[in-house]
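# Geometric and topological summary
Here's the letter readout for the chains.
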Amino acid sequence: MKFVMIVPDGMADWSVKQLNNRTPLQVARTPNMDRVAAEGVVGQVLTTPVGLPNGSAVANLSLLGYDPHEAYTGRGPLEAAALGIDLAPGEIAFRCNLVTIDEHDRLRDYSAGEIPSRESAILINAIRKKTAEEVANVTFYPGISFRSLMVYRGTSRMEPVTTPPHDIMGQPFEKHLPEGAGASILKKLMLGTRRMLEQHEVNTVRVDLGENPANMIWLWGGGTAPRLEPFAKRFSKKGAVIAAVDLIRGTAVYLELDRIDVEGATGSTDTNYAGKGQAAIDALDDYDFVFVHIEAPDTAAHAGNVEEKVRAIEKIDREIVGPVHDALKERGDYRLIVVPDHATPIETRTHVGEPVPFALCGANVESIREMPFTEAAGNESGLKFDIGYELMPYFLRA
Ligand SMILES: [Zn+2]
């Protein structure tokens, strides 16, 4: 039997005035997601346990069947794995965003205008060189677009309280600088590199072109390497992951799930949807379980762009859910689930930790009542998982 989990990141939402008080999922044309719901069931799952940070790191560990209270140690270490960085015991990896600070010292943009990887690498390597001389035990690693990494290999206690930049857009950044053990090292790096970034040629050109300059680094989500049981050992399924963002690719490394690369997959709204759909279909030849993650709806929601979010949902439906479902039907027994990892409401432009809907169909999934695939249907459903990591064993049950 074949199993496919499709995760449109941040797709769940609240009613939006511009959409006549409906949600993007309600408004988007999703005949294929609705078919999954109609042929199967709509349910609801709480992917973010109370007390843990809202967002993809915790939510996707839950969806993959791991208790985040045990498995989650921070976003940084998961992304480090995707960059091929082996963290020795005690070494701590932090997500390093390139952000834009405005003339009033407010955090204007958590992604520095989704700066291209080519430009961010120049800036991060310049910071790497500068800090290597000035701060001990700190190394920076360029990543994809605005998402890079810093690894601390020192012996000082390093357990700072940090804030995701996408949670403080429009606010004075100084109020949200790291606090607690090790915070002084992070602040020295964040404040000590501002002048160099402001004056860097990459940014003077960006400003000339009217693009948001990457004029500050923002360090957050630090942690040591998690110790996770391989997915195949836990669920007796050979699995693969299709994702562009380092967070999911790194999680796959720790779970020993193979990563399938897709040309043109960007981790943003201009990603190669059809390519991801086709890669998922091709992967069914070699794998029992395929996990397809698409960042686009979350990117659109962080930008507060409701049209873009609706468009991304429609493309996922048309170019991934539909073709994959058809291919599964041709192959014999299967199960297919479509489930966002969390909600990223257009209104808040950041993640919230409330339950999300899922649509599930296939072998031994009885269709009880035909329902469209919406947040409201999830609310009304009798099939609820308050413990998110229990959904995977249910999905994979014999
Ligand atoms: Zn997410």
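The rules behind the values
Residues numbered from 1 in each chain as written. Predicted model: local features only at pLDDT ≥ 70, side-chain atom pairs only at ≥ 80, totals over all residues. Heavy atoms only, no water. Pairing = 2+ DSSP bridges. Helix = DSSP H or I, 4+ residues; strand = E, 2+ residues; numbered from the N terminus. Contact = heavy atoms within 4.5 Å. Axes fitted to C-alpha atoms, helices over the stretch in contact; angles between N-to-C directions. Donors = N, O, S within 2.8 Å, 3.2 Å for Na, K, Ca; no water. Buried < 20%, exposed > 50% of the residue type's maximum accessible area, 1.4 Å probe, protein only. Polar contact = N/O pair within 3.5 Å; in protein donor to acceptor, adjacent residues only side chain to side chain. Domains from an automatic or database assignment. Buried area = accessible area lost by both parts, 1.4 Å probe. Salt bridge = Lys/Arg side-chain N within 4 Å of Asp/Glu carboxyl O. Nonpolar A, V, L, I, M, F, W, Y, C, P; charged D, E, K, R; others polar.

It is worth spelling out the sheet that holds strand S11 (residues 258-259) at this point. Read from one edge of the open sheet, 8 strands run S11-S10-S12-S1-S13-S14-S2-S15, paired in mixed fashion. If you trace the sheet from one side to the other, it starts and ends with S11 and strand S15 (384-385), each paired once. Both strand S10 (residues 239-242) and S11 contribute to a ladder of 2 bridges, which runs parallel. Counted as the bridge partner of Ala240 is Asp258 from S11. The sheet strands contacting helix H12 (residues 273-283) are S10 and strand S12 (289-294), and the helix crosses S12 at an angle near 170°.

In ideal tetrahedral geometry, four donors around a metal make angles of 109.5 degrees, whereas ideal octahedral geometry with six donors gives angles of 90 or 180 degrees. Around the zinc ion, the protein contributes the donor atoms Asp9 (OD), Asp9 (OD), Ser56 (OG), Asp341 (OD) and His342 (NE2), at 1.8 to 2.4 Å from the metal centre. Between consecutive donor residues of the zinc ion, the sequence gaps follow D-x46-S-x284-D-H. Of this pair, Ser56 sits in helix H3 (residues 56-63) while Asp341 is found in the loop between strand S13 (334-338) and strand S14 (356-362), placing the two residues 285 residues apart along the sequence. Neither Ser56 nor Asp341 differs from the other in exposure class; each is buried.

This part is about the side chain of Ser56. Overall, Ser56 belongs to the buried group, its relative accessible area being 4%. Here Asp341 takes part through its side chain, which lies 3.2 Å from a polar atom of the side chain of Ser56. Within the structure, Ser56 has its side chain in polar contact with the side chain of His342 (distance 3.2 Å). Leave out the neighbours within four places in its chain, and Ser56 touches Asp9, Arg75, Leu247, Asp341 and His342.

What follows deals with the domain arrangement of the protein chain. Domain parsing of the protein chain yields domain 1 (2-72 + 227-395) and domain 2 (92-223). Relative to domain 2, the C-alpha centre of domain 1 lies at a distance of 30 Å. Taken residue by residue, the interface counts 11 residues in domain 1 and 7 residues in domain 2. With both sides pooled, the region where domain 1 packs onto domain 2 buries about 760 Å², and carbon together with sulfur makes up 45% of that total. For domain 1, the biggest contributors to the area lost against domain 2 are Asp246, His302 and Thr350; these three give 42% of the whole. Our count for the domain 1 to domain 2 interface comes out at 1 salt bridge. The closest approach of N and O atoms between Glu295 and Arg147, which form a salt bridge, is 3.6 Å. Inspection of the domain 1/domain 2 interface yields 2 residue pairs in polar contact (both at pLDDT 80 or more). Its residues placed into classes, the side of domain 1 that touches domain 2 shows 2 nonpolar, 6 polar and 3 charged.

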